[in-house]
Amino acid sequence: MTEQLTGQYALDPTHTRIGFVTRHAMVTKVRGAFNDFEGTATIDGANPSASSVALRIKVDSIDTRNADRDGHLRTNDFLDAAEYPEITFTSTAIEQTGDNSYDVTGDLTIKGVTRSVTVPFSYEGQAQDPFGNVRIGLEGSVVINRKDFGLTWNAALETGGVLVGEKVTLELEVSAVKQS
């Protein structure tokens, strides 16, 4: 990153997607997203390792385009939104891995379980939007095992296998606006 990127940023929820993908019935994929979240970043363009990121996601905002499935995902079988209303991520290390690539390592907490996760990100660029805001774009994804976070519910299929895959791909398409 360049020094001109140094500053405080806030995620723009209308231009950011926090999504996920997992296998369903072993043969198809289910995609979803969280629609209510907030995130901040402190970027040190001269020394990216001194940068930091924090993200809070409201579990109730899960959206897979199916109300029954979303309701089930909010129960204790999965995310237990009543007991654990937020998913959080707080960076612990940021490492530049290429000209425009960074590994962001941090503590991901889902359903009260915290694990260290490293998300590879690509820096997509900087622009000034029509309102005069400085905006940056980043994209990243990582595969986690939902069972590592206590999400163990499943159902056996008559044909063998299970209804819900263990691996979940987290997808982050970020637009952040410079605050200062």
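So, how was this worked out
- Residues numbered from 1 in each chain as written.
- Predicted model: local features only at pLDDT ≥ 70, side-chain atom pairs only at ≥ 80, totals over all residues.
- Heavy atoms only, no water.
- pLDDT = per-residue confidence, 0-100.
- Helix = DSSP H or I, 4+ residues; strand = E, 2+ residues; numbered from the N terminus.
- Pairing = 2+ DSSP bridges.
- Buried < 20%, exposed > 50% of the residue type's maximum accessible area, 1.4 Å probe, protein only.
- Lys, Arg positive; Asp, Glu negative; His and termini not counted.
- Salt bridge = Lys/Arg side-chain N within 4 Å of Asp/Glu carboxyl O.
- Polar contact = N/O pair within 3.5 Å; in protein donor to acceptor, adjacent residues only side chain to side chain.
- Contact = heavy atoms within 4.5 Å.

What about the confidence of the model for the chain?
Detailed reading of the predicted model is not advised wherever pLDDT is low.
In step 1: Within the chain, residue pLDDT values average 89, and 88% of them lie at 70 or more.
In step 2: By mean pLDDT, the top-scoring element of the chain is strand E5 (residues 52–58) (98), and the lowest-scoring one is strand E2 (residues 17–24) (86).

Re the pairing of strand E10 (residues 134–145)
In step 1: Across seven bridges, the pairing between strand E9 (residues 113–128) and E10 is antiparallel. What sits directly across from Gly125, in E10, is Gly137.
In step 2: Here E9 hands over to E10 after five residues, with Gly132 in that stretch at a positive phi of 85 degrees.

Comments concerning the side chain of Lys111
In step 1: Inspection of the secondary structure assignment puts Lys111 in the loop between strand E8 (101–110) and E9.
In step 2: Although Lys111 is buried, it makes no salt bridge; Asp80 carries the closest opposite charge, 5.5 Å away.
In step 3: Of the polar contacts made by the side chain of Lys111, one reaches the backbone oxygen of Asn76; its length is 2.7 Å.
In step 4: Non-local contacts of Lys111, meaning those with residues more than four positions away in its chain, are made with Asn76, Asp77, Phe78, Leu79, Asp80, Tyr84, Phe149, Gly150 and Leu151.

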